[in-house]
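Close look at the chain arrangement
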Amino acid sequence: MNATSHTPEDTALRAEIKDLQQRLADVIAQNQRLQAELEAIRNSVGWRVLEKAYRLRRSRLINVITAPMLRLAKAYLRGDEKRVASQRTRESALRSPTASEASWEKLKASLHPVPCDLCGADQAAIVLSPSPPPHVVRCGMCGLIYFNPQPTPEALREFYSSESPEDYTPRLREWQGELSAQKAQKLTEELNFLEQWLRRDDARPHNANQRVRFLEVGCAFGHQLFCAQQKGWEVVGVELSAPAANWVRQELGLEVHNGTIESAARVLPPESFDIVLMSHVLEHVLHPTAVLQAAASLIKPGGVIAIYVPNGDSFPARHDFDHWEWTSFPEHLYYFSPSTLARLLTKCGFEVEQMWTCIGHSNSEQLYKLIQNCLSLRSLEEAAQVAETLGSLCLLSDLRVVARKLNRHDTKCAKSLSENSPLLIKEGLGEVNITPRTS
Ligand SMILES: [Zn+2]
């Protein structure tokens, strides 16, 4: 067709495009008005908690405990005031309580300032300001909470591989303990839950005769890998601690890559895994974006990733970040919230399928006591009920997400969305698909 001709079809098409452009402009303008309104509300009342409650208004739990909900909203928001207060009072350095002097000195010498890993901005506001560094900061652009300055990869690797009794590997061995029948059952149930997501994918129905290919990043002493193998899955582990990786190879006879997921992605076959699990790993790494991009390169299109991390926006974290059970350096370098984690997943080509919080690896008794004190409740039973509500509001300490790797076309869409619409998934503005989960 001649470029200058104007056929009736051509004119109709132009009109249609003009109409679409107008509608797009309207949507953008409306969105900006909405954002401004939301900002105003957010700053005035316990909006974040109440908005989530409102969204879940049909939930039985909300109807049962509406009065504690309001007190909860107040206590939750009081967390920010406490953070400011602790900035003034805290004097001792925040550090892993058990890291050996030798590895601590090496880590300290390697500390260097870093920009935000999620959005690249260098506008972090100090949340906690222990003296000397590292500080816990929150990115002024995207809300990501992280330690700054951070150690070098070499210092961190040494810390994880050290067999000094106070360092990571011996403590990891102690935390994991023996794989009891009860623990194996729990881990297997987690794997069964993840397996359902393969069957739910209509676009790429999972062939039942094909063995599930499972990759665990940060496999430690291989308990979850072992359970996956017992299910008949083909399993591969990635582990930074050399002693732990060697143990899994020798004692369990399983394939483990000793190193980071980035180095594993250079040697493992691309797009070859159905499920990738990262249980309490992403908060430990220096570059979460690079880690998720490496994971994405190893997952089949339509395959899923499951990520468990401490929830930096949880009720206990906001109440007292300093004494929160997950505040630990250099083990933990990042603290994700539901919105920053969702934003990171979108950035790396994933679509969030389900996001929820649970008590998980946290100390439940400690949590119930905290809730009881904060809300002046009579019993721990009442506190347990409130904890259930905190779970449905995504405010418990263990944040979990299942996300699906988009195919190449979808990835392009997701990327342009996250780059052109930085306000869409902003801390507290609730563009995240948060699904309550009762189990
Ligand atoms: Zn940022």
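Residues numbered from 1 in each chain as written. Predicted model: local features only at pLDDT ≥ 70, side-chain atom pairs only at ≥ 80, totals over all residues.

A look at the overall build of the chain
Looking only at helices and strands, the chain features 17 helices and 11 strands. Taken across its 439 residues, the chain has 39% of its residues classed as buried. Look at the contacts in the chain between residues 6 or more apart in sequence, and 72% of them connect residues 24 or more apart. (Helix = DSSP H or I, 4+ residues; strand = E, 2+ residues; numbered from the N terminus. Buried ≥ 20, exposed ≤ 12 C-beta atoms within 10 Å, placed from the backbone. Contact = placed C-beta atoms within 7 Å.)

Comments concerning the nonpolar core
In terms of nonpolar packing, the biggest core is built from 91 residues, with Val 276, Ala 295, Ile 305 and Leu 345 touching the most fellow members. No other element matches strand S8 (residues 299-310), which puts 7 residues into this core. Residues Phe 159, Tyr 160, Tyr 168 and Leu 240 belong to the second largest nonpolar core, which totals 6 residues. (Core = buried A, V, L, I, M, F, W, Y, C linked by C-beta atoms within 7 Å.)

Let's talk about the confidence of the model for the chain
Within the chain, residue pLDDT values average 76, and 66% of them lie at 70 or more. Across residues 56-66 the pLDDT falls below 50, and counting only partners more than four positions away or on other chains, this stretch makes 14 contacts in the model. Throughout residues 411-439 the model reports pLDDT below 50, and contacts reaching past four residues in sequence, or to other chains, amount to 47 contacts. (pLDDT = per-residue confidence, 0-100.)

Some details on the packing of helix H5 (residues 101-110) against helix H6 (residues 153-161)
One can describe the packing of H5 onto H6 by two numbers: an axis separation of 9 Å at closest approach and a directional angle of 165 degrees. When the axis of H5 is compared with that of H6, the two are roughly antiparallel. The two elements H5 and H6 meet at a crossing, and its hand is left-handed. On H6, the residues touching Ser 103, Lys 106, Leu 107 and Ser 110 of H5 are Ala 155, Glu 158 and Phe 159. For the contact of H5 with H6, the class distribution of residues is 3 nonpolar, 2 polar and 2 charged. (Axes fitted to C-alpha atoms, helices over the stretch in contact; angles between N-to-C directions. Parallel < 35°, antiparallel > 145°, perpendicular 65-115°, else oblique. Left-handed = near helix turned anticlockwise from the far one by under 90°. Nonpolar A, V, L, I, M, F, W, Y, C, P; charged D, E, K, R; others polar.)

Describing the pairing of strand S4 (residues 213-217)
By the criterion of burial, S4 is predominantly enclosed, with 4 of the 5 residues buried. Relative to strand S7 (residues 273-279), S4 runs parallel, the two being bridged by 3 bridges. Note on S7: the bridge partner recorded for Phe 214 is Ile 275. (Pairing = 2+ DSSP bridges.)

Here's the deal with helix H9 (residues 223-230)
Of all 8 residues that make up H9, 6 are buried, and the element is covered over most of its length. Listed as buried for H9 are His 223, Gln 224, Leu 225, Phe 226, Cys 227 and Ala 228.

Focus on the environment of Ser 110
By the element assignment, Ser 110 lies in helix H5. On the neighbour-count criterion, Ser 110 (18 C-beta atoms within 10 Å) is partly exposed. Residues Ser 110 and Glu 154 lie 44 residues apart in sequence; the distance between their C-alpha atoms is 8.8 Å. Look past the residues within four positions of Ser 110 in its chain and what remains in contact with it is Pro 151, Thr 152 and Ala 155.

Here we look at the environment of Asn 363
Tracing the backbone shows Asn 363 in the loop between strand S10 (350-358) and helix H15 (364-375). Sequence-wise, Asn 363 and Ser 397 are 34 residues apart; in three dimensions their C-alpha atoms are separated by 9.4 Å.

Description of the sheet that holds S8
Overall, mixed pairing links the 7 strands, which are arranged S6-S5-S4-S7-S8-S11-S10 in an open sheet. Looking at which strands have only one partner, the edges of the open sheet turn out to be strand S6 (255-258) and S10. Pairs of neighbouring strands in the sheet enclose a mean axial angle of 15 degrees, with direction left out of account. Strand direction decides the pairing type here: strand S5 (residues 234-239) and S6, joined by 4 bridges, are parallel. Across the sheet, the residue bridging to Val 238 is His 257, located in S6.

Points about the pairing of strand S3 (residues 145-148)
Here S3 shows no split at all, with Ile 145 and Phe 147 on one side and Tyr 146 and Asn 148 on the other all buried. Across 4 bridges, the pairing between strand S2 (residues 135-139) and S3 is antiparallel. Across the sheet, the residue bridging to Val 136 is Phe 147, located in S3. Counting the residues in the hairpin turn of S2 and S3 gives 5 residues, including Gly 143, whose phi is positive at 90 degrees. Here S3 runs beside strand S9 (residues 334-335); their pairing, made up of 2 bridges, is antiparallel. Bridged to Tyr 146 within S9 is Tyr 334.

Some details on the packing of helix H12 (residues 288-298) against helix H14 (residues 338-347)
Between H12 and H14, whose axes approach to 9 Å, the crossing angle comes to 50 degrees. Of the possible angle classes, the one that applies to H12 and H14 is oblique. As H12 packs across H14, the resulting crossing turns out to be right-handed. Taking contact as the criterion, the partners of Pro 288, Thr 289 and Leu 292 in H12 are, on H14, Leu 344, Leu 345 and Lys 347.

Let's talk about the environment of Phe 329
Secondary-structure assignment places Phe 329 in the loop between helix H13 (315-319) and S9. For Phe 329, a count of 20 C-beta atoms within 10 Å corresponds to the buried category. Taking the C-alpha atoms as reference points, Phe 329 and Phe 147, 182 residues apart in sequence, are found 8.0 Å from one another.

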